Amino acid sequence: DETFFLVMQPIVPIDDASKKLKFEMLLRMRSESGGLIRPDKFIPAAEETGLIVELGRWILHAAAREVANWPRPVRLSVNVSALQFELGDIIADVRSALAQSGLPPERLQVEITESLLVTETSHVTEKLRVLRTEGVGIALDDFGTGYSSLSYLGRLPVDTIKIDQSFVRGLPGDGEASAIIRAVLMLSESLGKHVVAEGIENQDQAWLLRLAGCKTGQGYFFSRPGPAEDIVVKLLAAEHDRLSTVMRMG
Ligand code: C2E
Ligand code: CA
Ligand code: CA
């Protein structure tokens, strides 16, 4: 498909961003004139028309195929729309993407938003539970912007909580944002869930988050989303640098 393509953004340990743990796949669309259209513009339209179900299936397959044959066994995280749970058969789509690419389920994570869990709860959580049983990771995206209560979080089949970038943006000045981040970190730790802070744009934010106990982050400060080819080249180059340093020291 030429109008749609995927870019990837690394998710990294805040104290060692050279280690790329995972890559979030982000959809891009090229307009007829060749310009780029952001997903905030076209995803809502694709949801309105129901096209998102087919598009979402393509994303899963394309993403899995992309990384399955990389020279390093990276993990990927794919955004999934609520409609893929409601109108589509998300379980069948995930299974076929894994089967056709040969990607092990442990290397796939799906990202869902909080709002998905507010409506039709039991039905959606049941599907999430099936995916998780099969080894696929589940991340709760944009956390803090929805309405789910914190106590509810413990009962959800979710491994990872992604703190919404609106809270990170407020750092270091915004005391309220920083209080919320601390509360989410504390709660997640007691519930045994991983936390990723999104939208880290500068050193101060990275430093403060690390100080607050957040181990993992994502944002322009570490890397902007980019095409797969560039990412593979950088991964191999970084590894080469590390190896030659070790050899020089050894
Ligand atoms: P999201 O899932 O919260 O993705 C993170 C967004 O933040 C991405 O925008 C990313 O480029 C941007 N971002 C990353 N680091 C920074 C930073 O340091 N500062 C700032 N200001 N922004 C940062 P993008 O790619 O435009 O995607 C926007 C939204 O569109 C996504 O938000 C997601 O909800 C949706 N989306 C993207 N790709 C897909 C997809 O394949 N399927 C579905 N269903 N939704 C998608
Ligand atoms: Ca996301
Ligand atoms: Ca997000």
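You'll find the structure just up there.
The rules behind the values
- Residues numbered from 1 in each chain as written.
- Chains lettered and ligands numbered in written order.
- Predicted model: local features only at pLDDT ≥ 70, side-chain atom pairs only at ≥ 80, totals over all residues.
- Heavy atoms only, no water.
- Helix = DSSP H or I, 4+ residues; strand = E, 2+ residues; numbered from the N terminus.
- Rg over C-alpha atoms; globule rule 2.2 N^0.38 Å.
- Buried < 20%, exposed > 50% of the residue type's maximum accessible area, 1.4 Å probe, protein only.
- Contact = heavy atoms within 4.5 Å.
- Areas by Shrake-Rupley, 256 points an atom, 1.4 Å probe, with all protein chains shown as cover.
- Lys, Arg positive; Asp, Glu negative; His and termini not counted.
- Charge placed at Lys NZ, Arg CZ, Asp CG, Glu CD.
- Donors = N, O, S within 2.8 Å, 3.2 Å for Na, K, Ca; no water.

Novice: Would you explain the overall build of the chain in this entry?
Specialist: Scanning the chain from terminus to terminus reveals 11 helices and nine strands. A compact globule built from 250 residues should have a C-alpha radius of gyration of about 18 Å, and the chain, at 18 Å, falls within 12% of that. Its C-alpha atoms put the chain at 55 × 40 × 40 Å along the principal axes. Burial status across the chain gives 46% buried among its 250 residues. Of the contacts made within the chain by residues no fewer than 6 positions apart, 66% connect residues no fewer than 24 positions apart. For the chain, the exposed surface amounts to about 12,900 Å²; the carbon and sulfur share of it is 54%. Each charge class in the chain can be summarised by its mean position, and for the 27 positive and 34 negative side chains these summaries are 6 Å apart.

Novice: What's the story with the coordination of the calcium ion (ligand 3) in this structure? I'm lost.
Specialist: Protein coordination at the calcium ion (ligand 3) comes from D141 (OD), D142 (OD), E198 (OE) and E198 (OE), with a distance range of 2.2 to 2.6 Å. Donor residues for the calcium ion (ligand 3) sit on one chain with the sequence pattern D-D-x55-E. Between the calcium ion (ligand 3) and the calcium ion (ligand 2) the interatomic distance comes to 4.1 Å, and D141 is a ligand of both metals. Classification of D141 by relative accessible area gives buried; the value is 6%. In this structure D142 comes out as partly exposed when scored by relative accessible area, which is 25%.

Novice: Looking at this structure, how should I read the coordination of the calcium ion (ligand 2)?
Specialist: Under perfect tetrahedral coordination by four donors, a metal shows angles of 109.5 degrees; under perfect octahedral coordination by six donors, it shows angles of 90 or 180 degrees. Protein ligation of the calcium ion (ligand 2) involves E24 (OE), N79 (OD1), E111 (OE) and D141 (OD), the donor distances falling in the range 2.2 to 2.3 Å. Residue classification places E111 among the buried positions, given a relative accessible area of 2%.

These figures capture arrangement, not role.
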